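Spelled out from the first residue to the last, the chains are:
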Amino acid sequence: MKTTLRNSAKSALIGFTLTAAALGGMQLHAQAIAAHNSNAPVDFDAGRIELQDKQNRVALSGNVVVRQAGLTVRSNRMLVNYSDAGTLQIQRLTATGGVQVTRGNEAASGDVAVYDFNRRIITMAGNVSIRRGGDTLSGGRLVIDLRSGVSSVDGRASGSSSVTGETTTDSNTGRVSGTFSVPEN
């Protein structure tokens, strides 16, 4: 009986250690995206652009691709809000429809992404998935703080988010789930 209990405790400890190591790897993944230079210039490519001068925004559509210092955001549509105090400065980028954020071998996808340039925060919501190599993590909302390097995944997107007339709600179970690779012996 003591041997069985000892073996069970040992197995649980090994499982906990492997899980902690894998989570540490995903944390490094999130921190690698967070090492992004958010002050670099922003380039874009789209099928259509509409300047909405009175609202200080630009609407991009048709396989939109935005790049900034090795970080790429792809989606079907984006709204880019800017300020115009002599020079145009991007304030916020809101991407909808098949959103993918990539940097190197790291990728995150979701229904909606908002990149707040003033706060240096990227928030993705709705069916969020993060991939790095064979490791995956899924949830409802991902928040990447580019200043502090802290990233978090919630099980549910907080409520619903209305962007350009679309409503996106998270339909998952409210839990964060993942698959992590472990070293082979």
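Here, every reference points to the structure presented above.
Residues numbered from 1 in each chain as written. Predicted model: local features only at pLDDT ≥ 70, side-chain atom pairs only at ≥ 80, totals over all residues. Heavy atoms only, no water.

J.: Hey, could you run me through the pairing of strand β8 (residues 135-145) in this one?
T.: Consecutive side chains along a regular strand alternate between the two faces of the sheet. Direction of pairing for strand β7 (residues 121-132) relative to β8: antiparallel, over a ladder of 10 bridges. Residue pairing across strands places I121 opposite D145, the latter belonging to β8. In sequence, β7 turns back onto β8 through a hairpin of 2 residues, with G133 there showing a positive phi of about 60°. Sheet topology note: the β8/strand β9 (residues 151-154) ladder contains 4 bridges and is antiparallel. Within β9, the residue paired with V143 across the bridge is S152. The loop that links β8 with its antiparallel partner β9 comprises 5 residues; one of these, G149, has a positive phi angle of about 80°. (Pairing = 2+ DSSP bridges. Helix = DSSP H or I, 4+ residues; strand = E, 2+ residues; numbered from the N terminus.)

J.: Honestly, the pattern of salt bridges in this entry has me stumped. Any pointers?
T.: Once their charged atoms are close, side chains differing in charge can pair, the charge on each being opposite to the other. For the structure on display, the rule yields 4 salt bridges. The closest approach of N and O atoms between R48 and E50, which form a salt bridge, is 3.3 Å. Here R92 and D116 are joined by a salt bridge, their closest N and O atoms 3.9 Å apart. Pair noted here: R92 is in strand β5 (residues 88-103) and D116 is in strand β6 (residues 106-116), with a separation of 24 residues, a long-range link. Of the residues examined, R92 reaches a relative accessible area of 37% and is grouped as partly exposed. Since its relative accessible area comes to 11%, D116 is described here as buried. One network of salt bridges, in which partners are shared, links R92, D116 and R119. (Salt bridge = Lys/Arg side-chain N within 4 Å of Asp/Glu carboxyl O. Buried < 20%, exposed > 50% of the residue type's maximum accessible area, 1.4 Å probe, protein only.)

J.: I'm lost on empty space enclosed by the protein in this one. Help?
T.: Sizing a probe to match a water molecule and rolling it over the atoms shows the empty space that remains. Throughout the structure, instances matching the rule amount to 3 cavities of 30 Å³ or more. What the largest cavity holds in volume is close to 40 Å³. Surrounding the largest cavity, V66, R67, Q68, L71, T72, V73, L93, Y115 and F117 form its lining. Every element with two or more residues in the lining of the largest cavity is listed here: β3 (57-68) and β4 (71-84). Per-class residue counts for the lining of the largest cavity are 6 nonpolar, 2 polar and 1 charged. (1 Å grid on protein atoms, 1.4 Å probe; cavity = no way out; pocket = protein on both sides within 12 Å on 5 of 7 lines; lining within 4 Å. Points joined across faces, edges and corners; volume = space filled by probe spheres on them. Nonpolar A, V, L, I, M, F, W, Y, C, P; charged D, E, K, R; others polar.)

J.: Would you take a moment to explain the side chain of S38 for this structure?
T.: Tracing the backbone through its elements, the reader meets S38 in the loop between α1 (2-34) and β1 (43-45). Residue S38 is classed as buried on the basis of its relative accessible area, which comes to 12%. A distance of 2.8 Å separates a polar atom in the side chain of S38 from a polar atom in the side chain of R120. Dropping the residues within four chain positions of it, S38 is found in contact with Q68, Y115, F117, R120 and L146. (Polar contact = N/O pair within 3.5 Å; in protein donor to acceptor, adjacent residues only side chain to side chain. Contact = heavy atoms within 4.5 Å.)

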